[in-house]
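Residue strings, one per chain:
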Amino acid sequence: MSGKKSTVDIYKLLEKSNCRECGYPTCMAFAAAVFQGRNHLSDCPRLDPAVAEAEGGAPAKTVDPSEEMNKALEEFRAQMKDVDLEARAKVLGGRYANGRLILKILGKDFGVDNAGKIHTDIHVNPWVAAPFFAYVLQGQGVEPSGEWISLRELEGGRPLYGLFVQRVEQPIRKVADAYPDLFADMVDLFGGKEVEPAYQSDISVVLQVLPKVPIMVCYWRPEDGMESNFNLLFDGNANKNLPTQALYTLSGGLGNMFEKLALRHGVAV
C-alpha cells in the first residue's frame, strides 16, 4: 500500500460498517489483510474504485472473463490426451463406455473422450464445462463427508466469499422470492432431493452437481417484516474433488440457470 504505514491507515479509508461482503468479519480484519498484501484495497465492494486505485495503486489489468474461460478450456482439453479414462471413471464415481468417461451432472449424462470433446444431449455452458474438466483431471475421488459448510470455510474460499454472496446467493434468493416453484423444479428437472430442513430453514434441497460433489440449498421465507434468506452450502470434502474456484464458477452458473428457468415461466426476476 503506497503511503500507508499501518493497518489503521487503511482502515480509515473504509466505511467501517463490518458488512462482511469482502469475506472478512470486520473492516479492521480486511484492512490488516490489505496491509499484509493478502488482498487489494479494491476487494472492498463498498469502496469507491477511484479511491482504491488512488490509494492502492493501479488494479491488475482487466481480463475478459469469456476469453479467460476459453483459454482455460483449451488447456483442459489439451491435458485430456494423457488421461486413463477407464481408471478415472472408477475413482470419480462415473462409468467408462465407448472410449468415453461418463459422469452425471445434475442428473444428466456428460461424456468426455481423450480428445477433450464433451458428449451430451444438452447444451454445454462454459460454467459447466470448466468445472467438469477440473473434476476429471484433478478430483481425488474422496467420498462426501456429510458435513455442510459455507464457501468461506473451504480452503481458499474466504477471499471469494464477498463476491459469492453478491453474485450467487443474493441473485438466487431473488429468484426464489419471485418463483416459489424453483425448489420443486430443482427436484423434478435436475435430480435434486428435498431433505429435512437444515439450520432451521424452510426448505432444503440437495443437488448432485457431480458424482462426489453435492451441494445443499437452504431457503428461509420472508416473514414478520424480515427479508427472505438463502444459503448455498458445500460438503466438507468438496474441494478435495473440485478446486474452490471451480466450485465458485459452478455455483454462479447455477444461479444463471435458475434465473433463465424463472424467465421461461414468465417470472421477471
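None of these values were measured; they are calculated from a predicted model.

This next bit is on the domain arrangement of the chain. Many structure descriptions define interface size as the accessible area lost when the parts assemble. Annotation of the chain at the domain level lists domain 1 (8-55), domain 2 (65-138) and domain 3 (148-265). Each partner contributes to the interface: domain 2 provides 15 residues, whereas domain 3 provides 20 residues. Summed over both sides, the interface of domain 2 with domain 3 buries roughly 1400 Å², with 70% coming from carbon and sulfur. At the surface where domain 2 touches domain 3, the tally comes to 0 salt bridges. Linking domain 2 with domain 3 are 4 residue pairs in polar contact (both at pLDDT 80 or more). Those elements that provide at least two residues to the side of domain 2 that touches domain 3 are helix H5 (85-92), strand S2 (100-105) and helix H6 (126-138). Looking at the side of domain 2 that touches domain 3 residue by residue, the class counts come to 10 nonpolar, 3 polar and 2 charged.

By the definition in use, this model includes 8 aromatic pairs. Taking the centre distance of 6.5 Å and the plane angle of 50° together, the rings of Phe164 and Tyr248 count as tilted. On the criterion of sequence distance, the pair formed by Phe164 in helix H7 (residues 158-178) and Tyr248 in helix H10 (residues 244-264) is long-range, its members being 84 residues apart. For the pair Phe164 and Tyr248, one class covers both residues: buried. A connected cluster of aromatic rings, assembled from ring pairs, spans Phe76, Phe110, Phe132 and Phe133. For Lys16, the ring lying beneath its charged end belongs to Tyr11, and the centroid distance is 5.4 Å.

Taking strand neighbours across the sheet as the criterion, the 4 strands line up as S1-S2-S3-S4 in an open arrangement whose pairing is antiparallel. With partners counted over all chains shown, the strands left at the sheet margins are strand S1 (95-97) and strand S4 (118-119), one partner each. Across 3 bridges, S1 lies against S2 in antiparallel orientation. Within S2, the position partnered with Tyr96 by the bridge is Leu101. Sheet contacts for H5: S1, S2 and strand S3 (108-112); angle to S2, the most-contacted strand, approximately 25°.

What follows covers the pattern of salt bridges. Under the definition given, this model contains 7 salt bridges. Glu15 is paired through a salt bridge with Arg46; the nearest N and O atoms lie 2.9 Å apart. Separated by 31 residues along the polypeptide, Glu15 in the loop between helix H1 (7-11) and helix H2 (27-35) and Arg46 in the loop between H2 and helix H3 (49-56) bring together distant segments of the chain. Given the relative accessible area of 42%, Arg46 is considered partly exposed. With a shortest N-O distance of 3.3 Å, Arg173 and Asp177 are connected by a salt bridge. Residue Arg173 and its partner Asp177 are both found in helix H7; the two are separated by 4 residues, about one turn of the helix.

Calculation criteria
Residues numbered from 1 in each chain as written. Predicted model: local features only at pLDDT ≥ 70, side-chain atom pairs only at ≥ 80, totals over all residues. Heavy atoms only, no water. Domains from an automatic or database assignment. Contact = heavy atoms within 4.5 Å. Buried area = accessible area lost by both parts, 1.4 Å probe. Salt bridge = Lys/Arg side-chain N within 4 Å of Asp/Glu carboxyl O. Polar contact = N/O pair within 3.5 Å; in protein donor to acceptor, adjacent residues only side chain to side chain. Helix = DSSP H or I, 4+ residues; strand = E, 2+ residues; numbered from the N terminus. Nonpolar A, V, L, I, M, F, W, Y, C, P; charged D, E, K, R; others polar. Phe/Tyr/Trp six-rings, centres within 6.5 Å; stacked < 30°, edge-to-face > 60°. Buried < 20%, exposed > 50% of the residue type's maximum accessible area, 1.4 Å probe, protein only. Lys NZ or Arg CZ within 6 Å of the ring centre and 35° of its normal. Pairing = 2+ DSSP bridges. Axes fitted to C-alpha atoms, helices over the stretch in contact; angles between N-to-C directions.

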